[in-house]
Structure formats: C-alpha cells, structure tokens
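Chain by chain, the residues:
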Amino acid sequence: MGALIVFLMIVGFLVLVAYLKFQPSHAPKKALHIFDATVVGVCFFLCLVWILSIRGNLLGTEDDIWWIPLAATGACGIEVIFLGACFLMRNFWIFKPPDRPGGGYFR
C-alpha cells in the first residue's frame, strides 16, 4: 500500500505542476489566475472532505488502522482526476484558442 501511495503522490505532484505550468497563452492573465486559484482551492477542499469523511467513518471501528492509507490514496486519486479534468476544460473549452481562418481540416 505504501508504494501505491508514493506513486500516486508523485503522479499528483506532476499533474499539479503540469496544471500550473502549461497555461493557455492567449487567455487573460487575471481571469486565468482567478480560475486556477479557484480550481486548486476546490481540489484542496474536496481532498480535505474525503480525508475527514474516511477518518469519521473508520475511527473507532476494527478497521481503524486503515484510515490513513485509504485517506491518502483517495485524496491523491481525487487530485489527479479533478486537476486533470480541469486542465482539459481550461485549455480546450473555457479558454479555448481563437479560431484561425483556414486552420481546420474541414474548412
């Protein structure tokens, strides 16, 4: 379980770096900064809620020793999926590149 948690932490860190590093260059900087701060804040909140939920459900049961690995694995998984989806939405839907005349396959 420890190797899985370390692997997901590394992948989560790489997804966070990719999310913050590869930003659309044509987007307004202020709007992009607000969007990025909101997404990272919501991701942190979702991970915190997951950790507290797992702790609350497993604390005091016979599976009490499993709450830390389950919370860490779930939080890293939530981060990877949420930031990955927000990365795709931000770069290709919300701040999509402007259309260039004659720049498509079917034009």
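Described below are features of the structure shown in this document. (Residues numbered from 1 in each chain as written. Predicted model: local features only at pLDDT ≥ 70, side-chain atom pairs only at ≥ 80, totals over all residues. Heavy atoms only, no water.)

### Observations concerning the side chain of Asn-91
Positionally, Asn-91 belongs in helix 3 (residues 67-94). Asn-91 gets classed as buried once you look at its relative accessible area, which sits at 10%. Not counting the four nearest positions on each side in its chain, Asn-91 is found in contact with Phe-22, Pro-24, Lys-96 and Pro-97. (Helix = DSSP H or I, 4+ residues; strand = E, 2+ residues; numbered from the N terminus. Buried < 20%, exposed > 50% of the residue type's maximum accessible area, 1.4 Å probe, protein only. Contact = heavy atoms within 4.5 Å.)

### Focus on the environment of Cys-43
Position of Cys-43 relative to the elements: it lies in helix 2 (residues 29-58). What makes Cys-43 buried here is its relative accessible area of 6%. As a C-alpha pair, Cys-43 and Leu-83 span 40 residues in sequence and 7.4 Å in three-dimensional space. Cys-43 has contacts with Glu-79, Phe-82 and Leu-83, leaving out every residue within four places of it along the chain.

### Some thoughts on the packing of aromatic side chains
Across all of its chains, the model carries one aromatic pair by this definition. The ring of Trp-67 is capped by Arg-55, whose NZ or CZ atom sits 5.4 Å from the centre of that ring. (Phe/Tyr/Trp six-rings, centres within 6.5 Å; stacked < 30°, edge-to-face > 60°. Lys NZ or Arg CZ within 6 Å of the ring centre and 35° of its normal.)

### Focus: helix 2
The first and last C-alpha atoms of helix 2 sit 43 Å apart over 30 residues, in line with the 44 Å expected at 1.5 Å per residue. Where helix 2 is concerned, the buried positions are Leu-32, Phe-35, Asp-36, Val-39, Cys-43, Cys-47, Ile-54 and Leu-58. Elements that come into contact with the buried residues of helix 2 comprise helix 1 (2-21) and helix 3. (Expected span 1.5 Å × (residues − 1).)

### A short note on the packing of helix 1 against helix 3
Where helix 1 meets helix 3, the closest approach of the two axes is 9 Å, and the angle between their N-to-C directions is 25°. Judged on the interaxial angle alone, helix 3 and helix 1 are roughly parallel. Remark: the crossing between helix 1 and helix 3 carries left-handed chirality. Residues Leu-4, Ile-5, Leu-8, Met-9, Val-11, Gly-12, Phe-13, Val-15, Leu-16, Ala-18 and Tyr-19 of helix 1 form the contact with helix 3, whose participating residues are Pro-69, Ala-72, Thr-73, Cys-76, Glu-79, Val-80, Leu-83, Gly-84, Cys-86, Phe-87 and Arg-90. Here the residues of the contact of helix 1 with helix 3 sort into 17 nonpolar, three polar and two charged. (Axes fitted to C-alpha atoms, helices over the stretch in contact; angles between N-to-C directions. Parallel < 35°, antiparallel > 145°, perpendicular 65-115°, else oblique. Left-handed = near helix turned anticlockwise from the far one by under 90°. Nonpolar A, V, L, I, M, F, W, Y, C, P; charged D, E, K, R; others polar.)

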